[in-house]
Amino acid sequence: MTYFIDRRPNAKHKSAVNRQRFLERYRKHIKRSVEEAVNRRSITDMERGEKVSIPTKDISEPVFQHGPGGARNIVSPGNKEFLEGDKIRRPSGQGGGDGAGEGGASNQGEGNDEFAFTLSREEFLEFVFDGLELPHLQRKPLKSLEEIKMVRAGLARDGVPSRISITRSMREAYARRIAMRAPIKRALKEAQDALAAEERKDPVLRNPARITELKAEVERLEKRIEAVPFIDTYDLRYHQLAAQPQPSSQAVMFCVMDVSGSMTQNHKDIAKRFFLLLYLFLEKHYEKVELVFVRHHTAAREVSEEEFFYSRETGGTIVSSALTLVDKIIEKRYPVGQWNLYVAQASDGDNWDDDSNICRDLLIKQLMPQLQYYAYVEITPHDHQSLWHEYEAVAAQFSERFAMRQIVDAGDIYPVFRELFKRRLSQER
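Numbering of residues starts from 1 in every chain and runs along the sequence as written. Selection of residues for local features in this predicted model requires a pLDDT of at least 70, selection of side-chain atom pairs for listing and counting requires 80 or more, and totals for whole chains, interfaces and linings are taken over all residues. Just so you know, side-chain values use all the structure's heavy atoms and leave hydrogens and water out.

A. Highlighting the pattern of salt bridges. By convention in these notes, a salt bridge is any Lys or Arg side-chain nitrogen within 4 Å of a carboxyl oxygen on Asp or Glu. Across all of its chains, the model carries 13 salt bridges by this definition. Close ionic contact of E219 with K223 constitutes a salt bridge, the shortest N to O distance being 3.6 Å. Highlighted residues: E219 and K223, both in helix α6 (residues 208–227), separated by four residues, approximately one helical turn. Residue burial is assigned from relative accessible area. The probe radius is 1.4 Å, only protein chains are included, and a residue is buried under 20% of its type maximum, exposed over 50%, and partly exposed in between. Among the residues examined, E219 registers a relative accessible area of 44% and is labelled partly exposed. With a relative accessible area of 52%, K223 lands in the exposed category. R405 is the salt-bridge partner of E419, the closest N and O atoms lying 3.0 Å from each other. Pair noted here: E419 is in helix α12 (residues 413–420) and R405 is in strand β10 (residues 402–407), with a separation of 14 residues, a long-range link. E419 gets classed as partly exposed once you look at its relative accessible area, which sits at 35%. Judged by relative accessible area, which is 26%, R405 ranks as partly exposed. Connected through salt bridges with shared partners, the residues R168, E172 and R237 form a single ionic network. Put simply, DSSP marks the helices as runs of H or I at least four residues long and the strands as runs of E at least two long, and each gets a number from the N terminus on.

Next comes the structure, spelled out in structure tokens:
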């Protein structure tokens, strides 16, 4: 049987399979390093790769060593000190190890550093968002929109080179060669047997003309076998793709950020890092999620992504202006029957006293009946203010779809983010 082995090198001559095995084996250690890296990063470098280190003791593997007892016969090449029959003193200590190479420095000042390697951007984000998902994501029936996905639809003899099926084409070529060579090989064997029989005859009875004829026939059949092509255009098979309608899980995430004067630069930086994590999470795991960015002080505006993260606009605080704008955008552009609706809000909790009651009523009566999930993070090291207390009433009524968390400093961003968007066992599909 013929075997075809794909020896094409991986990128930069690295083994992708071995790398994935390594990442899976030391997943716990790598994830811990990634969490530490997220907490110390700035906004500008959140999505680059990361160099992580694993302590040497965590990647050590069990080895077999000779114990302190028992009799052993060994051969020592190049021995200049001992003769046959000499007794050798056993090494001190338990086991056959010399104590070196365990990570700590020896009395000669030697040891092993931690094992360090670099995660790519995709690998880094995979560990950052492992186990996270949008809560309560539902399949929405679409009337005017239809999501199409290209899927494999068998094989065909015609197609483009990029979709060629090498395995199936080689199999077809092998089968064709067997079928075309089989009758020729049978005829060749018959001619060879006849030639051998003729040559074994007595020289007196041997027919030279017949021998010449059989040799010519053998040569002709061998050339016919060699002429059978290794692969022919008839053997080529191509993967076919077909358009298949898919159930749509369209979703929109409203990012609402307080940029009022009470939000210090540190508060805004924490809020931006939280929303950047959210942005990267949605970009990596979901294809059909739209993002709507809303900034507010005394008035709310829908802004672009760049303006959301980098604008320096500020003012007083009226949170209800942002909630009212979100409700208007939903009514105008995102029908509830066709979209999964999410809101993530970041604020320091400061608000005009009379406005917090309005926010509570807006959420209970208008927004929450339409939303799949509402996540509110309050960035403050101080006691909660009126907005938090009013939101507690909303959370009591919509406990599964309304979540509130407090962020004190940058180290709380990633744990809070994971808690808000962790995978739920009773996820609706």
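B. Geometry of the nonpolar core. In this description, a nonpolar core means a group of buried Ala, Val, Leu, Ile, Met, Phe, Trp, Tyr and Cys residues linked to one another through side-chain atoms lying within 4.5 Å. Membership of the largest hydrophobic core comes to 38 residues, with the highest contact counts inside it found for F274, F275, L278 and L420. At the level of secondary structure, the elements contributing two or more residues to this core comprise β5 (251–258), α7 (265–285), β6 (289–296), α8 (305–310), β8 (340–347), β9 (373–379), β10 and α12. The element best represented in this core is α7, accounting for 11 residues. Among the nonpolar cores identified, the runner-up in size contains 32 residues, and V294, V326, L363 and A395 belong to it.

C. Region of the structure containing α7. Along its 21 residues, α7 runs 30 Å from first to last C-alpha, staying within 8% of the 30 Å computed at 1.5 Å per residue. Judged by how many residues are buried, α7 sits mostly within the fold: 15 of 21 residues are covered. Expected span, for any helix, means 1.5 Å times one less than how many residues it has.

D. Structural view of the pairing of β6. Buried residues dominate β6, accounting for six of its eight residues. Two strands pair when backbone bridges link them, and β5 and β6 are joined in this way by eight bridges, in the parallel orientation. By the bridge assignment for β6, M257 is matched with R295. With four bridges connecting them, β6 and strand β7 (residues 300–303) associate as antiparallel partners. Residue pairing across strands places F293 opposite V303, the latter belonging to β7. With antiparallel pairing between neighbouring strands as the criterion, β6 and β7 make up a hairpin whose turn holds three residues. At least two DSSP bridges between two strands are required for those strands to pair.

Remember that the coordinates give geometry; whether it matters functionally is a separate question.
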